[in-house]
Amino acid sequence: MLSYVAKRIGVSVLTLLLIICITFLLMNAVPGSPFMTEKSTPEMIAMAEAKYGLDKPLIVQLWNYIKGYFQGDMGVSLKMQKGTDVTTIIFREGKFVLSFKLGVWAVLLAVIVGVPLGCIAAYNRGSWIDSVLRVMTTVGVAIPSFVLCSLLLIYCGVKWELLPVISGSLTDWKAYIAPVIGLSFYPMCYIAKLTRTSMLDAINQDYIRTARAKGLKTGRIIFKHALRNCLIPVITYLGPMTAGIITGGFVVEQTFQIPGLGKYFISSILNRDYPIIMGTTVVLAALVIMMNLIVDITYKLVDPRISLIKGDS
Amino acid sequence: MKNNEKFLEVRDLRVSFFTHAGEVKAVDGISYDLGEHEVMGIVGESGSGKSVEAYSIIGLLQNPGRVIGGSVKFMGEDVLAYSEEQKREFRGNKVSMIFQNPMTCLNPVYTIGNQLMEALLCHNKDVTRKAAYDRAVEMLELVGINNARKRMKQYPHEFSGGMRQRAMIAMALICSPKLLIADEPTTALDVTIQAQILELMKDIQRKTGMSIIFITHNLGVVAEICDRVSVMYAGHIVEQGNVNDIFYRPKHPYTEGLLRSMPRVDTKERERLIPIEGTPVDLLNPPKGCPFAPRCEKCLKVCLEHKPPFLQVGEDAHGSACWLHVKEMKEAGE
């Protein structure tokens, strides 16, 4: 197990290196420069570029980035917060923490509500409960998050005045409600759908008949015997989804005016603030990679038949 | 149980499946008695209703299957009238069941020990986990699994097919049920393992004195383990009797056909087996008369029009449902 994790971490570092290279090349493939504005002269641009080392050959710039990352230095912002360390912007100013807090709540809500909904739908297959849930989850998967967030904002925030209109830095628990719902509704419905499908498959298996023949209660049959067998697809989806949600939904953060990482990521691209683009991409990629590793280890915990290492069972 | 009450009494049991294509009468009015300590074989081809009949006794029928008539009395109590909760208490406790395919019947993600203990704990609230563990180990040893303590911690995929069926038997018997329903427990196993499992079941039956309903399509297995045999065809019991009567003095043409189609040790070289011509009945459109009539070589006119009565044809409750018996009796009477 330990050697497996060590090996996977080694591979992850290589993956991250590759992601850094690709992001760097794509970023630089776009013509223009971060310092190009309507007023700037070519001399000013050249000067600014020289200051931040952007005049050097690409390969040297890339090398500097990689070297920096291994020393824990993600560079400094070129434009948005001129001169500030990217690590400070992402981690110390609370952008990451803000998105992380929202994300964790959203993932929890999506799983805690989505999985039982899926089980209930599967158990009551064909009844009105199943139909209602099916319509709800289909709608949930279909409506774009900006529509849902706008509706939440208009009704809960403005018309009924139940929740704050601007969530800001999430100082109040009420500020969490709307953005967490906005973030989690899609994954919740998707998880419910996934659970329903694999639960339907599981409850027709022979071991469920055995469990019934033993005289177990329905709840125990569904939530002990069937659920664990149908979690694999849900876990597979949860990995990358968690990483995505934790690093922030741009739409949700924009709608509720939350200064999180998602919002910042988009503005950094619009501003062509290279080190911030690189920094946020690397953080997101590292999270995705980490989540995938966690998912693979969870597989083994959920289903003992899965072997992580070839030949091991 | 009072003296005059039978251990298991099935009367005119009818089970139908209500499908889109129409009503399928899977079990169409069967009756039999099973005594305490008795082993009864239910024989029949696929789709003859033998498993459905057993499922309805233990309350495992699922939509769209429904019991539409008849009664099942177990030690004097009407099992079919039980509430869902009573059925749950009854299943696995007084009556247990083992199934055809041991490879898929155990939950792959829980240890054998967990699944065994669970069967005991769900019916006995006052049993401690320690006691349940000891009982589970004892059961594994009883069914001939060595190293039981180590085996408790293993998962089903670490067991072979025969071992899994042994574990299934241990699980079914952990609450000391009075009746075990075995639904083709040896069909999915290879022949040497089949013999071992049969031997084990016979042995346990002798030790515990439980009754067994043994569902199979293998007449050899029936001869090996059963005291009494019911032969089913298209949802009906066509012949019933003790194992010697069925094998040596079969009365119903279907039973005769079954026996002729079975290879025997004393079959001469190059002697051909005689199959039963035709195909099984379409239960959506069952024939008006005797269900076996279209395939029967001794079919009379009356067979096509009316269902035959179930008549006593020999000693020891040997009965058979065939118009030929009526004809014979009339001739004998004249």
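Keep in mind that this is a model prediction, so the values were computed, not measured.

**Q** With reference to specific residues and values, describe the overall build of chain A.
**A** In terms of regular secondary structure, chain A is built from 14 helices and 0 strands. Its helices and strands in sequence order give chain A the pattern α-α-α-α-α-α-α-α-α-α-α-α-α-α, from N to C terminus. Here chain A holds 313 residues, and the buried ones make up 46% of them. Within chain A, contacts between residues at least 6 apart in sequence are counted, and of these 73% link residues at least 24 apart. By element, 69% of the accessible surface of chain A is carried by carbon and sulfur atoms, the whole surface being about 15,800 Å². Across chain A, the 29 positively charged side chains and the 17 negatively charged ones have centroids separated by 11 Å.

**Q** I'd like a description of the pairing of strand β11 (residues 310–314) of chain B, backed by residues and values.
**A** Residue and element names in this part refer to chain B. In this sheet, strand β12 (residues 318–321) lies alongside β11 in antiparallel orientation, the contact comprising 4 bridges. The residue of β12 that forms the bridge with G314 is H318. Here β11 folds back onto β12 in antiparallel fashion, the turn holding 3 residues, of which D316 has a positive phi close to 55 degrees.

**Q** Can you lay out the domain arrangement of chain A for me, pointing to particular residues and giving the numbers?
**A** All names here are of chain A. Structurally, chain A comprises domain 1 (2–76 + 86–91) and domain 2 (95–302). With 27 residues of domain 1 at the contact, the number on the domain 2 side is 24 residues. The contact between domain 1 and domain 2 buries some 2,200 Å² in all, and 75% of this surface belongs to carbon and sulfur atoms. It is M27, I89 and I90 in domain 1 that bury the most area against domain 2; as a group they hold 25% of the surface buried on that side. Applying the counting criterion to the domain 1 and domain 2 interface returns 1 salt bridge. Here D296 and R8 are joined by a salt bridge, their closest N and O atoms 2.5 Å apart. Our count for the domain 1 to domain 2 interface comes out at 4 residue pairs in polar contact (both at pLDDT 80 or more). Mapped by element, the contributors of at least two residues to the side of domain 1 that touches domain 2 are α1 (2–29), α3 (58–70) and α4 (86–92). In terms of residue count, α1 provides more of the side of domain 1 that touches domain 2 than any other element does, 13 residues in total. For the side of domain 1 that touches domain 2, the residue count by class is 20 nonpolar, 6 polar and 1 charged.

**Q** Could you give an account of the interface of chain A and chain B, naming the residues involved and the relevant values?
**A** You'll often see interface size given as the accessible area lost when the parts meet. Between chain A and chain B, the residue contacts involve 19 residues of the former and 29 residues of the latter. Between chain A and chain B lies a buried interface of about 2,300 Å² when both sides are counted; carbon and sulfur atoms form 54% of it. Linking chain A with chain B are 3 salt bridges. Of the charged contacts, one joins E118 of chain B and R220 of chain A as a salt bridge, the two residues approaching to 3.3 Å between their closest N and O atoms. Linking chain A with chain B are 20 residue pairs in polar contact (both at pLDDT 80 or more). Secondary-structure elements contributing two or more residues to the side of chain A that touches chain B are α9 (206–214) and α10 (218–226) of chain A. Sort the elements by how many residues they give to the side of chain A that touches chain B and α9 of chain A lands first, with 7 residues. Looking at the side of chain A that touches chain B residue by residue, the class counts come to 5 nonpolar, 4 polar and 10 charged.

**Q** I'd like a rundown of the sheet that holds strand β1 (residues 8–19) of chain B, residues and numbers included.
**A** Residue and element names in this part refer to chain B. Pairing is antiparallel in the open sheet, where 4 strands are placed in the order β2-β1-β4-β5. Across the chains shown, the open sheet's two edge strands, defined by having one partner strand only, are β2 (22–34) and β5 (77–78). The pairing of β1 with strand β4 (residues 65–74) spans 8 bridges and is classified as antiparallel. When the sheet's bridge partners are listed, V15 is paired in β4 with V67. Of the strands in this sheet, β1, β2 and β4 are in contact with helix α1 (residues 50–58), which crosses β1 at around 110 degrees.

**Q** Break down the sheet that holds β11 of chain B for me, citing the residues and quoting the values.
**A** All names here are of chain B. Taken in spatial order, the 8 strands make up an open sheet running β6-β7-β8-β3-β9-β10-β12-β11, and their pairing is mixed. Across the chains shown, the open sheet's two edge strands, defined by having one partner strand only, are β6 (95–98) and β11. Neighbour-to-neighbour, the strand axes of the sheet open up by a mean angle of 20 degrees, direction not taken into account. Relative to strand β10 (residues 236–242), strand β9 (residues 228–233) runs antiparallel, the two sharing 6 bridges. Within the sheet, the bridge partner assigned to R228 lies in β10 and is N242. Its contacts with the sheet place helix α8 (residues 191–208) against β3 (39–43), β6, β7 (179–183) and β8 (211–216), and it is angled at close to 160 degrees to β8.

What counts, and at which threshold
- Residues numbered from 1 in each chain as written.
- Chains lettered and ligands numbered in written order.
- Predicted model: local features only at pLDDT ≥ 70, side-chain atom pairs only at ≥ 80, totals over all residues.
- Heavy atoms only, no water.
- Helix = DSSP H or I, 4+ residues; strand = E, 2+ residues; numbered from the N terminus.
- Buried < 20%, exposed > 50% of the residue type's maximum accessible area, 1.4 Å probe, protein only.
- Contact = heavy atoms within 4.5 Å.
- Areas by Shrake-Rupley, 256 points an atom, 1.4 Å probe, with all protein chains shown as cover.
- Lys, Arg positive; Asp, Glu negative; His and termini not counted.
- Charge placed at Lys NZ, Arg CZ, Asp CG, Glu CD.
- Pairing = 2+ DSSP bridges.
- Domains from an automatic or database assignment.
- Buried area = accessible area lost by both parts, 1.4 Å probe.
- Salt bridge = Lys/Arg side-chain N within 4 Å of Asp/Glu carboxyl O.
- Polar contact = N/O pair within 3.5 Å; in protein donor to acceptor, adjacent residues only side chain to side chain.
- Nonpolar A, V, L, I, M, F, W, Y, C, P; charged D, E, K, R; others polar.
- Axes fitted to C-alpha atoms, helices over the stretch in contact; angles between N-to-C directions.

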